[in-house]
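Topology and contacts: notes
Here's the letter readout for the chains.
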Amino acid sequence: MDPVKRASVGARGETHLEEQVKDWLRYGEDLGLAPYYRDRPLLHAIAEAASLETHRVTTPSDNSSAAPAAIPSTEAAMMGAAAPGRAPASPINVEPSAPQKYAPAAAILPTTAPSLFEAIERIAGDTLPRIREDIGDCTRCKLHKARTKIVFGTGNPNADLMFVGEGPGRDEDLSGEPFVGRAGKLLTDMIKAMGLQREDVYIANVVKCRPPENRLPEKDEITTCSPFLMRQIDAIKPKVICTLGSCSAQTLLQTAQGISKLRGEWFDFRGVKLMPTYHPAYLLRNPAAKPEVWKDLQKVMAVLGLQPKKR
């Protein structure tokens, strides 16, 4: 063929090839594939990372038959970030039934996991004397180091109403009985206003030993001691639990909500109606909150069929 003619045919072929390439590039743009051929350094880094990840977790026995490793989610996110405005595509070569080729970042607990107290098994035939015997001269947490007496609980072992506070104070630590100081006297008045006596109800705390300087019990102390409270509740089987203050409400309800948001509302606690209200010690500092507590107690009285004490 004439050299001039051959050059002309070659030029037309190159033009045709160039047009084909442009068509493919436009097609790739329409499909959102531009990052794979434009951002070559990123793709190269991704390929290297995927290769290293596969090499790290693949055992020698897997080398002969292993399927192509899926691109880890972090690299898939990098790819998605390289195409602004586009949703990241699903990771390549990922099938639900395929064995995992790289370790998961972390284990995630299900949101339906049982709470601390739902996980505690009930003990058939449990009694308050048996629970106290099991506590013994307790040294399970650091609170035992400064205590005088263990403050177990007091009242009717078959009570319909149970009050739960946070922990003993100085007076309780000395006497071994819950709620005997100024706050205890106010609680006694509250109980009498409901038409009951202290001997008609049961009173206990989340922890059985006094926290130093009357501070709130710490998480590890609550975790160690509160299972005994749970056993007390199961043994007494009250119809209503009235929690006093934020600590007891948050502990039993497994929540971080403050008492001002919880008080006055009914909650179910393992089949028992639970009413949070303010702690008597708070009422001593804030007498204006007493009417709010009385409203809460009236709701408890309505459930238990109680009549207020006649003045």
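**Section: the nonpolar core**
Leu161 and Phe163 are the most contacted members of the largest nonpolar core, which totals 56 residues. For leucine 161, the contacting residues outside a window of four places in its chain are Met194, Leu196, Val201, Tyr202, Pro238, Val240, Cys242, Val300 and Leu304.

**Focus: the pattern of salt bridges**
Taken as a whole, this structure holds 16 salt bridges when the rule is applied. When the shortest N-O distance is used, the salt bridge between aspartate 134 and arginine 231 registers 2.8 Å. Here arginine 231 lies in helix 8 (residues 219-236) and aspartate 134 lies in helix 5 (residues 128-135), a separation of 97 residues in the sequence. Overall, the relative accessible area of 35% leaves aspartate 134 in the partly exposed class. Note that aspartate 234 and arginine 270 form a salt bridge whose closest N and O atoms lie 3.3 Å from each other. Of this pair, aspartate 234 sits in helix 8 while arginine 270 sits in the loop between strand 5 (267-269) and strand 6 (272-277), and the two are 36 residues apart along the sequence. Here the residues in one salt-bridge network are Lys142, Arg215, Glu218, Asp220 and Glu221, joined through shared partners.

**Regarding the sheet that holds strand 5**
Spatially, 1-3-2-4-6-5 is the arrangement adopted by the six strands of the open sheet, whose pairing is mixed. The strands lining the two open edges of the sheet, one partner per strand, are strand 1 (154-155) and strand 5. Judged from the two bridges that link them, strand 1 and strand 3 (residues 202-205) form a sheet pairing that is antiparallel. Note on strand 3: the bridge partner recorded for threonine 154 is isoleucine 203. Against the sheet, helix 9 (residues 246-253) touches strand 2 (161-165), strand 4 (240-244), strand 5 and strand 6, its axis set at about 130° to strand 4.

**What about helix 8?**
For helix 8, spanning 18 residues, the distance from its first C-alpha to its last is 25 Å, which sits close to the expected 26 Å at 1.5 Å a residue. Along helix 8, the largest kink reaches about 40° and is centred on cysteine 225; proline proline 227 follows within four residues of it. Of all 18 residues in helix 8, 13 are buried, a share of seventy percent or more. Remark: lysine 237 follows helix 8 within two positions and exhibits a positive phi of approximately 55°.

**Details of the pairing of strand 2**
Counted residue by residue, strand 2 has five buried out of five residues, so it is predominantly covered. The two faces of strand 2 match: Leu161, Phe163 and Gly165 on one face and Met162 and Val164 on the other face are all buried. As paired strands, strand 2 and strand 3 are joined by four bridges and run parallel to one another. Bridging across to strand 3, methionine 162 finds its partner in tyrosine 202.

**Focus: unusual backbone geometry**
Of note, the phi angle at glutamate 213 is positive, near 55°, even though the residue is not glycine. Along the chain, the position of glutamate 213 falls in the loop between strand 3 and helix 8. Unusually for a residue other than glycine, lysine 237 sits at a positive phi of about 55°.

**A short note on the confidence of the model for the protein chain**
Here the protein chain averages 77 in pLDDT, while 63% of its residues score no lower than 70. Under a pLDDT of 50 for its full length, residues 39-47 has, in the predicted model, ten contacts with residues more than four places off or in other chains. Taken together, the stretch residues 52-115 has pLDDT below 50 and engages in 41 contacts with residues farther than four places along the chain or on a different chain.

**Here's the deal with the packing of aromatic side chains**
Scanning the entire structure with this criterion turns up one aromatic pair. Lysine 208 extends its terminal NZ or CZ atom over the ring of phenylalanine 152, reaching a point 5.7 Å from the ring centre. Above the face of the tryptophan 266 ring, lysine 273 is positioned so that its terminal group lies 4.6 Å from the ring centre.

**Examining the environment of histidine 144**
Note on placement: histidine 144 falls in the loop between helix 5 and strand 1. In sequence terms histidine 144 and proline 211 are 67 residues apart; their C-alpha atoms lie 9.0 Å from each other. When sequence neighbours within four positions are dropped, the list of residues in contact with histidine 144 reads Cys138 and Thr139. One polar contact links the side chain of histidine 144 to the main-chain carbonyl oxygen of cysteine 141, over a distance of 2.6 Å.

Rules used throughout
- Residues numbered from 1 in each chain as written.
- Predicted model: local features only at pLDDT ≥ 70, side-chain atom pairs only at ≥ 80, totals over all residues.
- Heavy atoms only, no water.
- Core = buried A, V, L, I, M, F, W, Y, C linked by side-chain atoms within 4.5 Å.
- Buried < 20%, exposed > 50% of the residue type's maximum accessible area, 1.4 Å probe, protein only.
- Contact = heavy atoms within 4.5 Å.
- Salt bridge = Lys/Arg side-chain N within 4 Å of Asp/Glu carboxyl O.
- Helix = DSSP H or I, 4+ residues; strand = E, 2+ residues; numbered from the N terminus.
- Pairing = 2+ DSSP bridges.
- Axes fitted to C-alpha atoms, helices over the stretch in contact; angles between N-to-C directions.
- Expected span 1.5 Å × (residues − 1).
- Bend = angle between axes of the 7 residues up to and from the residue.
- pLDDT = per-residue confidence, 0-100.
- Phe/Tyr/Trp six-rings, centres within 6.5 Å; stacked < 30°, edge-to-face > 60°.
- Lys NZ or Arg CZ within 6 Å of the ring centre and 35° of its normal.
- Polar contact = N/O pair within 3.5 Å; in protein donor to acceptor, adjacent residues only side chain to side chain.

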